[in-house]
Amino acid sequence: MKVLIAGGRGRVGSKVADLLESNQVEVVAGGLADGVDYIAGTRVAEVLDGVDTIINVLNTGRFDEEGAVSFFEESTRTLTAEGERAGVKHHVLLSIVGVGEGDASEIGYYLGKVAQERALKEGSLPFTIVRSTQFQGYIPVLADQHAVEDKVLAPRDLIQPVELDEVVALLAEIALAGAPRGEVEIAGPERFHMDDLLRATLAASGDAREVVTVDGEGKIDAMVPRGEYRAGKTLYPLRGIPLAG
Ligand SMILES: NC(=O)c1ccc[n+]([C@@H]2O[C@H](COP(=O)([O-])OP(=O)(O)OC[C@H]3O[C@@H](n4cnc5c(N)ncnc54)[C@H](OP(=O)(O)O)[C@@H]3O)[C@@H](O)[C@H]2O)c1
């Protein structure tokens, strides 16, 4: 089996590459550092030669709607169209639980992920969308994203962070199995309220910023799975945070 990891030198992609290689899979890392550009179309056909499965873990630093939508839409369309020409049988995409819903529905980056999922579904390649909740290691970044001056403004929304290695294992398992599964979700074993989680996480790292609970505008359960999902086993590294059900 030959797998192209689009974004194979990134945070998620490099771990997926290691895991697949340890399972004797031939892996091609396709990212900017490899001279591959899915927006400009550079070297895409070349790296897809002989590939059975694409794992799409591309990312952009553009968080505004225009930038995120155009990046995720164009890169996914290019991969799908070139993948079809190359005879690819399965396109596995990493997305996020709840994008396009609740308080997250208007966030530019999440609208980019919605556009990415749509582009995948509109294409002709058999696919699996793996929707993950926030990675546990990403929670401090989430706090920064909610910062306004010297405070962090957090809604009581539900959040169920997952350990990255468990997402990596699921991506590898789905690629190895070879059978497209449509849409699959994964979340961690514990559900918190976002304000409680950010408050505890900042306190544990000695960050003195006050976390202020604010009213959210959307459904509080938009960012956690509401149907069947793979439950990770790794607990959040801090104990004593009140669980939310
Ligand atoms: N953070 C979370 O909690 C979370 C939760 C669920 C899902 N996700 C999703 O996880 C995915 C992967 O995130 P990550 O943190 O691993 O991202 P990352 O470390 O920023 O890696 C992104 C990769 O994309 C490549 N890339 C960017 N633009 C490109 C282009 N035009 N052409 C070719 N390659 C390009 C980069 O190549 P170079 O390395 O060569 O620059 C890099 O390898 C994202 O789609 C994100 O939405 C994240």
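Residues numbered from 1 in each chain as written. Predicted model: local features only at pLDDT ≥ 70, side-chain atom pairs only at ≥ 80, totals over all residues. Heavy atoms only, no water.

**Some thoughts on the overall build of the chain**
Move 1: Counting its secondary structure elements, the chain contains 7 helices and 12 strands.
Move 2: With the C-alpha coordinates aligned to their principal axes, the bounding extent of the chain is approximately 50 × 35 × 30 Å.
Move 3: The buried share among the 245 residues of the chain stands at 51%.
Move 4: Counting only contacts in the chain whose residues sit at least 6 apart along the sequence, the fraction spanning at least 24 positions is 80%.
Move 5: If you sum the accessible surface of the chain, you get close to 11,100 Å²; carbon and sulfur atoms cover 51% of it.
Move 6: Averaging the coordinates of the 24 positive side-chain charges in the chain and doing the same for the 39 negative ones gives two points 3 Å apart. (Helix = DSSP H or I, 4+ residues; strand = E, 2+ residues; numbered from the N terminus. Buried < 20%, exposed > 50% of the residue type's maximum accessible area, 1.4 Å probe, protein only. Contact = heavy atoms within 4.5 Å. Areas by Shrake-Rupley, 256 points an atom, 1.4 Å probe, with all protein chains shown as cover. Lys, Arg positive; Asp, Glu negative; His and termini not counted. Charge placed at Lys NZ, Arg CZ, Asp CG, Glu CD.)

**As for the site of the ligand**
Move 1: Around the ligand sit 26 residues, and of these Val 12, Ala 33, Leu 58, Tyr 109 and Lys 113 come closest.
Move 2: The backbone of Gly 10 places a nitrogen or oxygen atom 3.2 Å from an oxygen atom of the ligand.
Move 3: One of the side-chain N or O atoms of Tyr 109 is found 2.7 Å from an oxygen atom in the ligand.
Move 4: Alone, the ligand offers 950 Å² of accessible surface; in the complex the protein occludes 85% of this.
Move 5: Secondary-structure elements contributing two or more residues to the shell around the ligand are helix H1 (11-21), strand E4 (90-96) and helix H4 (108-122).
Move 6: By residue class, the composition of the shell around the ligand is 14 nonpolar, 8 polar and 4 charged. (Near = heavy atom within 4 Å. Polar contact = N/O pair within 3.5 Å; in protein donor to acceptor, adjacent residues only side chain to side chain. Nonpolar A, V, L, I, M, F, W, Y, C, P; charged D, E, K, R; others polar.)

**Some words on the pairing of strand E3 (residues 53-56)**
Move 1: Of the two faces of E3, the one carrying Thr 53 and Ile 55 and the one carrying Ile 54 and Asn 56 are both buried.
Move 2: Pairing geometry for strand E1 (residues 2-6) and E3, over 4 bridges, is parallel. When the bridges of E3 are listed, Ala 6 appears paired with Asn 56.
Move 3: Relative to E4, E3 is paired through 4 bridges, and the arrangement is parallel. Looking at the pairing, Ile 54 lines up with His 91 of E4.
Move 4: With helix H3 (residues 65-86) bridging E3 and the parallel E4, this β-α-β connection has right-handed handedness. (Pairing = 2+ DSSP bridges. Right-handed = clockwise from strand over helix to strand, strands pointing away.)

**Quick word on the packing of aromatic side chains**
Move 1: Scanning the entire structure with this criterion turns up 5 aromatic pairs.
Move 2: Between the aromatic rings of Tyr 109 and Tyr 110, the centroid separation amounts to 6.2 Å while the plane-to-plane angle is 65°, which identifies the pairing as edge-to-face. Note on accessibility: Tyr 109 and Tyr 110 belong to one class, buried.
Move 3: Between the aromatic rings of Phe 192 and Tyr 236, the centroid separation amounts to 5.9 Å while the plane-to-plane angle is 65°, which identifies the pairing as edge-to-face. (Phe/Tyr/Trp six-rings, centres within 6.5 Å; stacked < 30°, edge-to-face > 60°.)

**Comments concerning the packing of H3 against H4**
Move 1: Closest axis-to-axis distance for the H3/H4 pair is 7 Å, and the angle between their directions is 20°. Taken as axis vectors, H3 and H4 run roughly parallel relative to one another. In this structure, the crossing between H3 and H4 has a hand that is right-handed. Seen from H3, the contacting residues are Glu 65, Ala 68, Val 69, Phe 72, Glu 73, Thr 76, Arg 77 and Thr 80; seen from H4, they are Gly 108, Tyr 109, Leu 111, Gly 112, Lys 113, Ala 115, Gln 116, Arg 118, Ala 119, Leu 120 and Glu 122. (Axes fitted to C-alpha atoms, helices over the stretch in contact; angles between N-to-C directions. Parallel < 35°, antiparallel > 145°, perpendicular 65-115°, else oblique. Left-handed = near helix turned anticlockwise from the far one by under 90°.)

Geometric values such as these leave the question of function open.
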